[in-house]
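# Secondary and tertiary structure notes
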Amino acid sequence: ATPTAVTVGIGRGAELGILIKQGEALERSEKLTTIIFDKTGTLTKGKPEVTNIITLSADEHTLLEWIASIEKNSEHPLAKAIVKRAKEKGIKLKEMEKFESFSGKGVVAKLKGKEILIGNRMLFAEKHISFPKEIEKKIEELEEHGKTVILCAIEKEIKGIIAIADTLKETTKEAIKELKNMKLKVAMITGDNIRTAQAIAQEIGIKRVLAEILPQDKAKEVKKLQEKGEIVAFVGDGINDAPALAQADVGIAIGSGTDVAIESGDIVLIKDDLIDAVGAVQLSKKVMSRIK
Ligand code: ADP
Ligand code: MG
């Protein structure tokens, strides 16, 4: 039977907007040593905006038209940011002949018989598309400002880059500070590139950064830490995060996240507020001290 203190703890959590699915989650939360946060949509608002469009041998209107026409087929937050910008500019989107999505890398499509690639360095390397040093420099500069850079090539020739920035949630910094004060090791995990991830992590005060992690590998990273003896909480919102949420000793899902993430989590933060992750750990400590 569930001890009374756990039941009371679950009830208290519910009042605070911390949905605790079973008592064991509270028991495990008390023992946590590491807490890993997904970046986009968890630490950040997940509502990115286009900040820079840099064109090479194509005018901006055409570049945006091509890219947005392809990205309208993608559910990715970065894709939505690009489509939004195109719509604001009154650009009419075209229909694709073929569309293929590469998880954690980008998208490839055919438009008017031409192959168009939109994505990150990993995608470009895989498709053997290189670009000049000046472009690489420009990309790095944008990434050092915490922006995510998307590259576009038409028929294997680079045509331009789009930089996109997301903003931190209001309570992200405070929540991380509190968790560090509680002697928890805090890490960030993301599919985004290392430079962008580090710039954002630095702003938040997170030193441990796992970047360029493919969606299917997030859970493996959790497992690696567990094998080293860490008791791990994973906080995430995306479809990508579901396996990691399930693998973690405590999976904490963001309330406004995708259904699969919410189903995979042991705890759901109904208000999307990361301060409630701190609250969940504090609650577990209170409850467990009453049981012992
Ligand atoms: P995160 O872990 O931050 O949610 P993802 O694993 O979803 O990131 O994506 C990682 C990277 O893959 C993105 O930062 C981007 O470079 C690239 N990418 C993914 N989907 C798209 C897309 N639809 N268009 C362009 N780039 C994409
Ligand atoms: Mg996310």
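Everything quoted here is computed from the prediction, not taken from an experiment. (Residues numbered from 1 in each chain as written. Chains lettered and ligands numbered in written order. Predicted model: local features only at pLDDT ≥ 70, side-chain atom pairs only at ≥ 80, totals over all residues. Heavy atoms only, no water.)

## Some words on the site of ligand 1
Taken together, 19 residues surround ligand 1, and among them Thr 40, Glu 71, His 76, Gly 104 and Gly 191 come closest. Within the side chain of Asn 240, one N or O atom sits 3.3 Å away from an oxygen atom of ligand 1. When grouped by side-chain class, the residues that make up the shell around ligand 1 number four nonpolar, eleven polar and four charged. (Near = heavy atom within 4 Å. Polar contact = N/O pair within 3.5 Å; in protein donor to acceptor, adjacent residues only side chain to side chain. Nonpolar A, V, L, I, M, F, W, Y, C, P; charged D, E, K, R; others polar.)

## As for the packing of aromatic side chains
Here the structure, examined in full by the defined rule, presents one aromatic pair. Here Phe 124 and Phe 131 contribute two aromatic rings whose centre-to-centre distance is 6.3 Å and whose plane-to-plane angle is 70°, an arrangement assigned as edge-to-face. (Phe/Tyr/Trp six-rings, centres within 6.5 Å; stacked < 30°, edge-to-face > 60°.)

## As for the nonpolar core
Judged by nonpolar contacts, the single largest core of 39 residues is most densely connected at Phe 37, Met 188 and Ile 267. Leave out the neighbours within four places in its chain, and Phe 37 touches Thr 42, Leu 43, Ile 176, Leu 179, Val 186, Ala 187, Met 188, Ile 189, Val 235 and Leu 274. Judged by nonpolar contacts, the second largest core, of 24 residues, contains Leu 78, Ile 82, Ile 91 and Ile 154. (Core = buried A, V, L, I, M, F, W, Y, C linked by side-chain atoms within 4.5 Å. Buried < 20%, exposed > 50% of the residue type's maximum accessible area, 1.4 Å probe, protein only. Contact = heavy atoms within 4.5 Å.)

## Focus: the pattern of salt bridges
Counted by the stated rule, this structure contains 23 salt bridges. Between Arg 85 and Glu 88 there is a salt bridge; the shortest N-O distance is 3.4 Å. Of this pair, Arg 85 and Glu 88 both sit in helix H5 (residues 77-88), three residues apart, which is roughly one turn of the helix. As a salt-bridge pair, Glu 143 and Arg 195 come within 2.6 Å of each other at their nearest N and O atoms. Separated by 52 residues along the polypeptide, Glu 143 in helix H7 (residues 133-144) and Arg 195 in helix H9 (residues 194-204) bring together distant segments of the chain. Assessed through its relative accessible area of 25%, Arg 195 is described here as partly exposed. Here the salt bridges share partners, and the residues they tie into one network are Arg 121, Glu 136, Glu 140, Glu 143 and Arg 195. (Salt bridge = Lys/Arg side-chain N within 4 Å of Asp/Glu carboxyl O. Helix = DSSP H or I, 4+ residues; strand = E, 2+ residues; numbered from the N terminus.)

## A few points about the sheet that holds strand E6 (residues 114-119)
The strand order across the open sheet formed by six strands is E3-E8-E7-E6-E5-E4, and the pairing between neighbours is antiparallel. The sheet terminates laterally at strand E3 (49-55) and strand E4 (98-102), the two strands that pair on one side only. On average, adjacent strands in this sheet sit at an angle of 15° to one another, irrespective of strand direction. Bridge count for strand E7 (residues 148-154) against strand E8 (residues 157-165) is seven bridges, and the pairing is antiparallel. (Pairing = 2+ DSSP bridges. Axes fitted to C-alpha atoms, helices over the stretch in contact; angles between N-to-C directions.)

## Overview of the environment of Thr 33
Structurally, the position occupied by Thr 33 is in the loop between helix H2 (23-29) and strand E2 (34-38). Using a relative accessible area of 26% as the deciding quantity, one classes Thr 33 as partly exposed. Expressed as a C-alpha distance, the spacing of Thr 33 and Gly 229, which sit 196 residues apart in the sequence, is 9.0 Å. When residues no more than four places from it in sequence are discounted, the contact partners of Thr 33 are Leu 184, Lys 185, Glu 230 and Ile 231. Within the structure, Thr 33 has its side chain in polar contact with the backbone nitrogen of Ile 231 (distance 2.8 Å).

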